[in-house]
Amino acid sequence: MYAYITKSAKFFPNEPVSNDEMESYLGMVDNKPSKARRIVLKRNGIKQRYYALDKKGNVTHTNAEMAANAIRNLFDDHFGVNDIDLLSCGTASPEQLIPSHGVMVHGELGGDRNIEVVSFAGSCCSGVDALKYACMAVQLDPSMKVVASASERLSAWMRASYFQKESEKLAQLETHPMLAFQKEFLRWMLSDGAFALLLQGAPNPDGLSLRVDWIDITSFANTKETCMYCGAEKDEAGNLRGWSMFPGEEWLSQSLFMLKQDTRMLEENIVPLGVTYLLQLAEKYHFTPGDVDWFLPHLSSLFFKDKILEESGRRGCFIPEEKWFYNLPTVGNIASASAFAMLEELMNTNRLQKGQKLLMMIPESARFSYCYCMLTVC
């Protein structure tokens, strides 16, 4: 019994933002251009991205609104809001702690039916977490029409105003006012957008579908400390202290709610662990790199592309670059929505042929989780 992705859709807020325009939207800390921006952009290969902001830093769309808009783009004469049986949503950037992101999306969608809604939060794997739940629901009841969505409004955490208090504190201490690189690094990496997939118990009779052969997810948190975090601070021993353990006046002065990443840990672990897991899955599911027609890797930065090619070649699971498909340079790093972004674009390029195998790779650096998905075009 399989689940099939029968349709995909997207929603990007506003017009694409070039590298030179980024600070017009996100703002400048201390009214000074960032010294880290050009270094990060040179390595990550991103040429444009989308923000749910205008040039004054005003929010133009919420995360839930973007997700709802992507879902509406699935609708046609045969499928509408009242045909959804289950809504499965993933995001790393909900607007609130409670209610869940999923029910906020449901509220935006409206419709005449009360339906099952589930939410997945975390980091880059939360979109495929939502996809896996959707697949399992269809396998339990093939008559269901299930929507899986992945959406992000990461620009909410990247505006200069959220860094200003810490910058003022550093200046008062007569230290260099530039923020620590690990706190500014992700400002120039992340972007906004939303995607939706329709899953059913049978393939689309009028076009190509993707059969979900398997989705496998694992965590290395039992052996690795936190690498990327938000709403917390990491001490010298590697322990994470959550926002509720700090007095309220320190939430801004220490930029607690900014995304931070230990770039040293990232570079040392993200590729080797991902290749280790791929080797385990190749044995578990009895496939070889030669069985893969399309490889869709979620890359946070093109910096990692050559490292993946080198490490996978050295360890005997090499997938040549001509089989790779990614859209990081044109849409940016959309965290949990990046996998859906690649899938949506490839499904709508007329490049897929029946029988082809797609392997998706989604690494999550938060505490080193990974997901691989194998799909068959049918």
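Keep in mind it's a predicted model, so treat the numbers as computed, not measured.

**Focus on the confidence of the model for the protein chain**
Consideration 1: Of the residues in the protein chain, 93% have a pLDDT of 70 or more, and the chain-wide mean is 92.
Consideration 2: A low-confidence stretch, residues 166-181 stays under pLDDT 50, and its non-local contacts, those more than four residues away or across chains, total 27 contacts.

**Observations regarding the pattern of salt bridges**
Consideration 1: Using the criterion set out here, one finds 16 salt bridges in the structure.
Consideration 2: Glu23 is the partner of Arg37 in a salt bridge, and the nearest nitrogen-oxygen pair spans 3.7 Å. Of this pair, Arg37 sits in helix H2 (residues 37-44) while Glu23 sits in helix H1 (residues 22-26), and the two are 14 residues apart along the sequence. In this structure, Arg37 and Glu23 share a single accessibility class: buried.
Consideration 3: A salt bridge links Arg264 to Asp262; the nearest nitrogen and oxygen atoms lie 3.6 Å apart.
Consideration 4: A relative accessible area of 47% means that Arg264 is categorised as partly exposed.

**Quick look at the packing of helix H3 (residues 63-72) against helix H4 (residues 101-109)**
Consideration 1: At their nearest, the axes of H3 and H4 sit 8 Å apart, and the two run at 60° to each other. Considered as vectors, H3 and H4 are oriented oblique to each other. Judged by the sense of rotation from one axis to the other, the crossing of H3 with H4 is right-handed. Where H3 approaches H4, its residues Asn63, Ala64, Glu65, Ala67, Ala68, Ile71 and Arg72 are matched on the opposing element by His101, Met104, Val105, Glu108 and Leu109.
Consideration 2: Among the residues making up the contact of H3 with H4, the classes are represented as 7 nonpolar, 2 polar and 3 charged.

**Details of the pairing of strand E15 (residues 369-377)**
Consideration 1: Among the 9 residues that make up E15, 9 are buried, leaving the element largely enclosed by the rest of the structure.
Consideration 2: The alternating pattern of E15 places Ser369, Cys371, Cys373, Leu375 and Val377 and Tyr370, Tyr372, Met374 and Thr376 on opposite faces, both of which are buried.
Consideration 3: Of the pairings in the sheet, the one linking strand E8 (residues 210-219) to E15 comprises 9 bridges and is antiparallel in character. Looking at E15, one finds that Ile215 is bridged to Cys373.
Consideration 4: As paired strands, strand E14 (residues 357-364) and E15 are joined by 8 bridges and run antiparallel to one another. Within E15, the residue paired with Glu364 across the bridge is Ser369.
Consideration 5: In textbook terms, the turn of a hairpin is the stretch between consecutive antiparallel strands, and for E14 and E15 this stretch comprises 4 residues, one of which, Phe368, has a positive phi near 65°.

**Section: the pairing of E8**
Consideration 1: Across 3 bridges, the pairing between strand E1 (residues 3-11) and E8 is antiparallel. Considered in E8, the bridge of Ala3 is made with Val212.

**Some thoughts on helix H10 (residues 305-314)**
Consideration 1: If you check which residues of H10 are buried, you get Lys305, Ile308, Leu309, Glu311 and Ser312.
Consideration 2: On the buried face of H10, the contacting elements are helix H9 (263-285) and E14.

**Quick notes on the packing of aromatic side chains**
Consideration 1: Across all of its chains, the model carries 15 aromatic pairs by this definition.
Consideration 2: With 6.1 Å between their ring centres and 55° between their planes, Tyr25 and Tyr51 make a pair best called tilted. Of this pair, Tyr25 sits in helix H1 while Tyr51 sits in the loop between strand E3 (48-49) and H3, placing them 26 residues apart in sequence. Across the pair, Tyr51 and Tyr25 agree in class, each one buried.

**Considerations on the packing of H9 against H10**
Consideration 1: Contact geometry for H9 and H10: axes closest at 10 Å, N-to-C directions at 45°. Judged on the interaxial angle alone, H10 and H9 are oblique. Here H9 runs over H10; the crossing is right-handed. Across from Glu267, Val271, Pro272 and Val275 in H9, the residues of H10 making contact are Lys307, Ile308, Glu311 and Ser312.
Consideration 2: Across the contact of H9 with H10, the residue classes break down as 4 nonpolar, 1 polar and 3 charged.

**Some points on the state of the cysteines**
Consideration 1: In this structure the tally under the stated criterion is 0 disulfides.
Consideration 2: Cysteine Cys373 remains unbridged, with the sulfur of Cys371 as its closest cysteine sulfur at 3.6 Å.
Consideration 3: Looking at Cys373, the relative accessible area reads 0%, which means it is buried.

**Quick notes on a nonpolar patch on the surface**
Consideration 1: On the surface, a nonpolar cluster with roughly 560 Å² of combined accessible area is contributed by Leu97, Ile98, Trp243, Trp251 and Phe257.
Consideration 2: Structurally, Ile98 is set in the loop between strand E4 (86-91) and H4.

**Re the sheet that holds strand E5 (residues 116-121)**
Paired through their backbone hydrogen bonds, the strands of a sheet run either parallel or antiparallel.
Consideration 1: In spatial order, the strands read E5-E4-E6-E7-E1-E8-E15-E14-E13; together these 9 strands make up an open sheet with mixed pairing. The sheet terminates laterally at E5 and strand E13 (294-297), the two strands that pair on one side only. Between one strand axis and the next, the sheet turns through 25° on average, direction left out of account.
Consideration 2: Across the sheet, helix H5 (residues 126-140) is in contact with E1, E4, E5, strand E6 (146-153), strand E7 (192-200), E8, E14 and E15; its angle to E4 comes to roughly 160°.

**Details of unusual backbone geometry**
Leaving glycine aside, a negative phi is the common case for residues, and trans is the common case for peptide bonds.
Consideration 1: Across the junction of Ile98 and Pro99, the peptide omega takes the value 0°, indicating a cis bond.
Consideration 2: Mapped onto the fold, Pro99 is located in the loop between E4 and H4.
Consideration 3: The phi angle at His286 is positive, at roughly 60°, despite the residue not being glycine.
Consideration 4: Mapped onto the secondary structure, His286 falls in the loop between H9 and E13.

The rules behind these values
Residues numbered from 1 in each chain as written. Predicted model: local features only at pLDDT ≥ 70, side-chain atom pairs only at ≥ 80, totals over all residues. Heavy atoms only, no water. pLDDT = per-residue confidence, 0-100. Contact = heavy atoms within 4.5 Å. Salt bridge = Lys/Arg side-chain N within 4 Å of Asp/Glu carboxyl O. Helix = DSSP H or I, 4+ residues; strand = E, 2+ residues; numbered from the N terminus. Buried < 20%, exposed > 50% of the residue type's maximum accessible area, 1.4 Å probe, protein only. Axes fitted to C-alpha atoms, helices over the stretch in contact; angles between N-to-C directions. Parallel < 35°, antiparallel > 145°, perpendicular 65-115°, else oblique. Left-handed = near helix turned anticlockwise from the far one by under 90°. Nonpolar A, V, L, I, M, F, W, Y, C, P; charged D, E, K, R; others polar. Pairing = 2+ DSSP bridges. Phe/Tyr/Trp six-rings, centres within 6.5 Å; stacked < 30°, edge-to-face > 60°. Disulfide = S-S within 2.5 Å. Patch = residues over 30% accessible without salt bridge, like charges linked within 9 Å, V, L, I, M, F, W, Y side chains within 5 Å. Areas by Shrake-Rupley, 256 points an atom, 1.4 Å probe, with all protein chains shown as cover.

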